[in-house]
Amino acid sequence: MAELSFPLPDLGEGLIEATILEWLVAEGDQVERNQPLVEVETTKSTVELPSPQAGTVVKVHGDAGSVIAVGDPLIVFEVPDDTAGIVGTVPAEKAPARRVRLSAVLDDD
Amino acid sequence: MSETLSNPLSPAAGDGPAAPAPLTLSMQGALNRALGEVLEDNPKALIFGEDVGRLGGVFRITDGLQARFGAERVFDTPLAESGILGMSVGLAMAGFHPIPEVQFDGFAYPAVNQIVSQIGRMNYRSRGALPMPVTLRVPSFGGIRAPELHGESLESLFVHVPGLKVVSPADPHQAYHLLRLAGSMPDPVIFMEPKARYWQKGPVDPADAGALEGARIARPGRHLTLIAWGAMVARCLQVAELAAEDGIEVEVLDLRWLSPIDADGLAESVSRTRRAVVVHEAPRSSGLGAEIAALVTERCFNTLKAPVERVTGFDVPYPSGDLEDEYIPNIDRILFGIQRVLEHRRG
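Residue indices begin from 1 for each chain and proceed along its sequence in written order. To label them, take the chains in the order written and letter them from A, then take the ligands in the order written and number them from 1. Local features are withheld for residues below a pLDDT of 70 in this predicted model, meaning they are given only at 70 or higher, and side-chain atom pairs are given and counted only at 80 or more; totals for whole chains, interfaces and linings count all residues. Side-chain figures throughout are based on the complete set of non-hydrogen atoms in the structure, without hydrogens or water.

Let us now look at a nonpolar patch on the surface. All names here are of chain B. Patch criteria: residues need more than 30% relative accessible area and no salt bridge. Like-charged residues are merged within 9 Å; nonpolar side chains of Val, Leu, Ile, Met, Phe, Trp and Tyr are merged within 5 Å. Computed with a 1.4 Å probe, the accessible areas rest on the Shrake-Rupley method; for each residue, only the protein chains presented here act as cover. Take a side-chain nitrogen of Lys or Arg and a carboxyl oxygen of Asp or Glu: if they are within 4 Å of each other, that pair is a salt bridge. Residues Tyr-109, Leu-149 and Leu-157 make up a contiguous nonpolar surface patch of roughly 250 Å² in combined accessible area. A helix here means a DSSP run of H or I that spans at least four residues, while a strand means a run of E at least two residues long, and both kinds are numbered starting from the N terminus. One can find Leu-157 in helix α6 (residues 155–159). Using a 1.4 Å probe on the protein chains alone, a residue whose accessible area is under 20% of its type maximum counts as buried, one over 50% counts as exposed, and one in between counts as partly exposed. Note on Leu-157: relative accessible area 42%, which makes it partly exposed.

What follows is the structure, given as structure tokens:
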């Protein structure tokens, strides 16, 4: 298992910080990629940040009302070592299943 | 094919320090280890491509190598595959051994001009004055639910280009040793990594490569030869296990080197089993299976009990993830191909 920390991303338009309104996940939660993590408010708008990563939430930085600067740590995930790349998913290893059966009279010559 | 050919990369027993014990690695880990050793062995070896440096590659194959060898030897490039391969041509001319990565097989298309018209023929054009020791790593084939152009089966494109070698490993041990070998070759090698097999762990014996030339018998059998490469080898091994339940002993031939192709190895196996089925992900028409069927027919016509059967992708663009299970040869399609061969009677 490895820990991955993500900072508050640049939310655009020259914003340098955001205020946390509500965490939508808690420490210990298993989250999927693109699942909403947190609602933050900037001077321009209120946005939900999607998770950049699937994994288990190990730590969230800041409570409701806290101001976080762009680039400061926001959330830490624990992810399995065999995590997929940025694109695609790890194929599931499943027991081979079949419908076709073989039948042949093998003339062993 | 010969099991007796020695591998120049394998340290001889009793020569130097004690041989490292066999390891259990994923193919990711095996490739990463091989790349580190290639960089250690050859100061002229360079790794570059999209996100291979700071990030360590989208599949983590180059993880940690920039920290270990520095950003002058392991570095990120702009998102421009023709530039990545064009730069490889110049670096190879200047005496380096470039090991570029094209991040996904479908991104190789913009680089085909550099690969075909420069890398493949520079040695020929210069009458040997300008060899092209370029090891091009291409995460290849489908199976990971990726979007369009992130899963392709390009081998036919490259095996048709004289001057290129093309190889695809099937498991971590093969991946480790074939990449070390490719990274030491004076020729351009297209190294097709089966991305669906990146995460499965397997034994890797760094001290004992086994023979690395030509094809490899992944499972012996006497009734039929199942020919595959890359990710399809693991599936064919599953099929062979299922076929054994029905009393059919299937030999699985892991082709490994797609160019030059091991015609002798193919003929050796099929002349024993007298039946052959070739499996690949690429579209059927003019796929590598057609070449294999022709080679086997030329060499084994009199002993074949049935025409060589092909179980392949369809003649459509390689689909995105939602449809790939319908496209990639599955266990039942391969079993059905085997059954067709078993049932064949000369009329």
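Residues and elements named next belong to chain A. Read across the sheet, 4 strands follow the order β5-β4-β2-β7 without closing on themselves; strand pairing throughout is antiparallel. Lying at the two open borders of the sheet, with one neighbouring strand each, are β5 (46–50) and β7 (67–69). Shown here is a sheet whose adjacent strand axes are inclined to one another by a mean of 40 degrees, direction ignored. At least two bridges found by DSSP between two strands is the condition for calling them paired. The sheet contact formed by strand β2 (residues 17–23) and strand β4 (residues 36–41) spans 4 bridges and is antiparallel. Residue Trp-23 lies in a different strand from β4, and its bridge partner there is Val-38. The axes are straight lines fitted to the C-alpha atoms, using for helices just the contacting stretch, and the angles between their N-to-C directions are given from 0 to 180°.

The subject of this paragraph is the packing of helix α1 (residues 27–41) of chain B against helix α7 (residues 172–182) of chain B. Residue and element names in this part refer to chain B. Packing of α1 against α7 brings their axes to within 8 Å, and their N-to-C directions diverge by 20 degrees. By the angle between their axes, α1 is roughly parallel relative to α7. The two elements α1 and α7 cross, and the hand of that crossing is right-handed. Here α1 contributes Met-27, Ala-30, Leu-31, Arg-33, Ala-34, Leu-35, Glu-37, Val-38 and Asp-41 to the contact with α7, which in turn contributes Pro-172, Ala-175, Tyr-176, Leu-179 and Arg-180. Amino acid classes used here: Ala, Val, Leu, Ile, Met, Phe, Trp, Tyr, Cys and Pro are nonpolar; Asp, Glu, Lys and Arg are charged; the rest, including Gly, are polar. Here the residues of the contact of α1 with α7 sort into 10 nonpolar, no polar and 4 charged. Here roughly perpendicular refers to angles of 65 to 115 degrees, roughly parallel to angles under 35, roughly antiparallel to angles over 145, and oblique to all remaining angles. Crossing chirality is assigned from the near helix's rotation relative to the far helix, an anticlockwise turn below a right angle marking it left-handed and a clockwise turn marking it right-handed. Residue contacts follow a heavy-atom distance rule, with two residues in contact if any of their heavy atoms lie within 4.5 Å.

Here we come to the domain arrangement of chain B. All names here are of chain B. Under the domain assignment, chain B is made up of domain 1 (23–204) and domain 2 (216–342). The interface is formed by 31 residues belonging to domain 1 together with 24 residues belonging to domain 2. A buried area of about 2100 Å², summed over both sides, lies between domain 1 and domain 2, and 58% of it is on carbon and sulfur atoms. Our count for the domain 1 to domain 2 interface comes out at 3 salt bridges. The closest approach of N and O atoms between Asp-171 and Arg-216, which form a salt bridge, is 3.7 Å. Domain extents, as shown, originate in an automatic or database domain assignment. Defined here as a combined quantity, buried area equals the accessible surface (1.4 Å probe) lost by two parts on assembly, summed across both.

With that out of the way, let us pick up the interface of chain A and chain B. Bring the parts together and some accessible area is lost; that lost area is often taken as the interface size. Opposite the 26 residues of chain A that make contact, chain B presents 35 residues. Across the chain A to chain B interface the summed buried area is about 2500 Å²; carbon plus sulfur atoms make up 55%. Interface area lost by chain A to chain B is led by Val-87, Leu-102 and Leu-106 of chain A, which between them contribute 26%. Notably, a salt bridge pairs Asp-246 of chain B with Arg-98 of chain A, separated by 2.5 Å at the nearest N-O pair. Contacts described as polar in this section are N or O atom pairs within 3.5 Å, which, within protein, must combine one atom able to donate a hydrogen with one able to accept it, while residues neighboring in sequence count only if both atoms come from side chains. If you look at where chain A meets chain B, you find 10 residue pairs in polar contact (both at pLDDT 80 or more). Classifying every residue of the side of chain A that touches chain B by side-chain character gives 12 nonpolar, 5 polar and 9 charged.

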